[in-house]
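# Coordinate analysis (summary)
Chain by chain, the residues run as shown.
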Amino acid sequence: MTRPFAEISEDLARLEIEVPSWAYGNSGTRFKVFSTPGTPRTVHEKISDAATVHRYTGLAPVVALHIPWDRVDDFGELRRYAQEQGVGLGTINSNTFQDEDYKLGSLAHPDPGVRRKAIDHNLECIEVMNQTGSRDLKIWLADGTNYPGQDDMRARQDRLAESLAEIYARLAGDQRLVLEYKFFEPAFYHTDVPDWGTALAHVTALGDRAVVCLDTGHHAPGTNVEFIVAQLLRLGRLGSFDFNSRFYADDDLIVGAADPFQLFRILVEVLRGGGYDPGSGVALMLDQCHNIEAKVPGQIRSVLNVQEMLARALLLDTQALDQARREGDVLTANEIFMDAFYTDVRPDLAGWREQRGLPADPMRAYRESGYQQRIENDRVGGTQAGWN
Ligand code: PSV
Ligand code: MN
């Protein structure tokens, strides 16, 4: 028992996914960063690839940038270039985890000089946002400690709060500070923003324009992530997702690859909590790396996976579900939920795409387009983009 596909057609058309520029560059595990033929050498080439994903799917109109990986002299020009390619520039991700100075942390570092440097980097990112027209500054911190006694965890929270307050004060208009949590890595004994509760405490102290980013790979195994989604939406503090898939840790695999059912459950809660309503402010972003697969089709697969699970979540017969719940009919409620998940929406989605002038099978259309061969032939020489 599900809603008919025709009923969800218009809602599906609102889906906009923000793709990460770094998904198109070489990135990787701690062991080996493999290079792929055709990998972009410049930010412009990353944006062309992202625009290609959008052209074949209609799903990815915005590209998130990471500073300094995507630093250019003229962000106004980059913005215009992106527009010409048919995409916009989205979230600016700051990076205070790759400089020697940040060995013992950044915004929570015991040395005020290092904290200053990390704050200034985030202020520079706000300046970038002013030029790119981006709404969100996303902060993920590698801050934490490896050994008990290494630093005063409580003092680190105070320093972090102070640093964040200075950054937040610089935001203007509708700009937002989005704080991302992660329960471990690269710090292993404790991280300074390990969980949604800590992130929530910090953003609440900052003000209305501070919200939380939920990276699906940043929880302990077995965590009920959709509960966190429900709670943050309920409190009006879910700012964005970093979607990806994990088997063991922060694996950064293609979203929906490891556990499509979890993605479905998350999207059900997003719908339930108004996170997909127009103007909700929840950015559906990917945070992935493609280490052994080709990157552009890897991103196409990713956005299609989100679309498929969103379609299934939209098909959920919430009226029938409410009734079963009111009647305390546990098994019927579960059956209605599973009916939506088990519905194969692929044929309907193929028709839906064709009606909108998109390829019915974007993966195949990309394979047959020659784009991959073209970038592999053209992009020789120069340095492939990566994590440095
Ligand atoms: C940290 O693991 C993280 O999830 C943050 O979002 C970083 O910005 C990103 O990965 C880099 O890929
Ligand atoms: Mn992330």
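Structure shown above.
Keep in mind the model is a prediction, meaning the values are calculated, not measured. (Residues numbered from 1 in each chain as written. Chains lettered and ligands numbered in written order. Predicted model: local features only at pLDDT ≥ 70, side-chain atom pairs only at ≥ 80, totals over all residues. Heavy atoms only, no water.)

## Looking at the nonpolar core
In globular proteins that are soluble, nonpolar side chains generally tend to be buried together. L12, L107, I139, L177, F241 and F243 are the most contacted members of the largest nonpolar core, which has 104 residues in total. The element best represented in this core is helix α9 (residues 295–315), accounting for eleven residues. If we skip the residues at most four places from it in the chain, F243 touches T216, V255, L263, I266, L267, L284, M285, L286, D287 and Q288. (Core = buried A, V, L, I, M, F, W, Y, C linked by side-chain atoms within 4.5 Å. Buried < 20%, exposed > 50% of the residue type's maximum accessible area, 1.4 Å probe, protein only. Helix = DSSP H or I, 4+ residues; strand = E, 2+ residues; numbered from the N terminus. Contact = heavy atoms within 4.5 Å.)

## A few points about the coordination of the manganese ion (ligand 2)
Around a metal, the ideal angle is 109.5 degrees if four donors adopt a tetrahedral arrangement and 90 or 180 degrees if six donors adopt an octahedral arrangement. Surrounding the manganese ion (ligand 2) are the protein donor atoms E180 (OE), D215 (OD), D242 (OD) and D287 (OD), which sit 2.1 to 2.2 Å from the metal. Its six donor atoms give the manganese ion (ligand 2) angles of 72 to 164° at the centre, a pattern that matches the octahedral case. In the primary sequence, the donor residues of the manganese ion (ligand 2) line up as E-x34-D-x26-D-x44-D. Residue D242 is found in strand β9 (residues 238–243), and its partner D287 is found in the loop between β10 (283–286) and α9; the two are separated by 45 residues along the sequence. Comparing D242 with D287 shows no difference in burial state: the two are buried. (Donors = N, O, S within 2.8 Å, 3.2 Å for Na, K, Ca; no water. Tetrahedral: all angles 85-135°; square planar, octahedral: opposite > 155°, others 65-115°.)

## Section: α9
Between its first and last C-alpha, α9 extends 30 Å over 21 residues, near the 30 Å set by a 1.5 Å rise per residue. Burial of α9 is extensive: 20 of the 21 residues sit out of reach of the surface. (Expected span 1.5 Å × (residues − 1).)

## Remarks on the site of ligand 1
Neighbouring ligand 1 are W22, H66, K138, W140, E180, K182, D215, H218, D242, D250, D287 and W387. Contacts to ligand 1 include K182, whose side-chain N or O atom sits 3.0 Å from an oxygen atom. Between ligand 1 and D215, the relevant distance is 3.0 Å, taken from an oxygen atom to a side-chain nitrogen or oxygen of the residue. Here ligand 1, which alone exposes 310 Å², has 96% of that area covered by the protein. Its atoms largely coinciding with the cavity grid, ligand 1 occupies the largest pocket. Looking at the shell around ligand 1 residue by residue, the class counts come to three nonpolar, two polar and seven charged. (Near = heavy atom within 4 Å. Polar contact = N/O pair within 3.5 Å; in protein donor to acceptor, adjacent residues only side chain to side chain. Areas by Shrake-Rupley, 256 points an atom, 1.4 Å probe, with all protein chains shown as cover. 1 Å grid on protein atoms, 1.4 Å probe; cavity = no way out; pocket = protein on both sides within 12 Å on 5 of 7 lines; lining within 4 Å. Sits in = over half its atoms within 2 Å of the grid points. Nonpolar A, V, L, I, M, F, W, Y, C, P; charged D, E, K, R; others polar.)

## What about a negative patch on the surface?
On the surface, D73, D74, E77 and E84 cluster together to form a negatively charged patch. Mapped onto the elements of the fold, D74 is located in the loop between β2 (62–66) and α3 (75–85). According to the relative accessible area criterion, D74 is partly exposed, its value standing at 38%. (Patch = residues over 30% accessible without salt bridge, like charges linked within 9 Å, V, L, I, M, F, W, Y side chains within 5 Å. Salt bridge = Lys/Arg side-chain N within 4 Å of Asp/Glu carboxyl O. Lys, Arg positive; Asp, Glu negative; His and termini not counted. Charge placed at Lys NZ, Arg CZ, Asp CG, Glu CD.)

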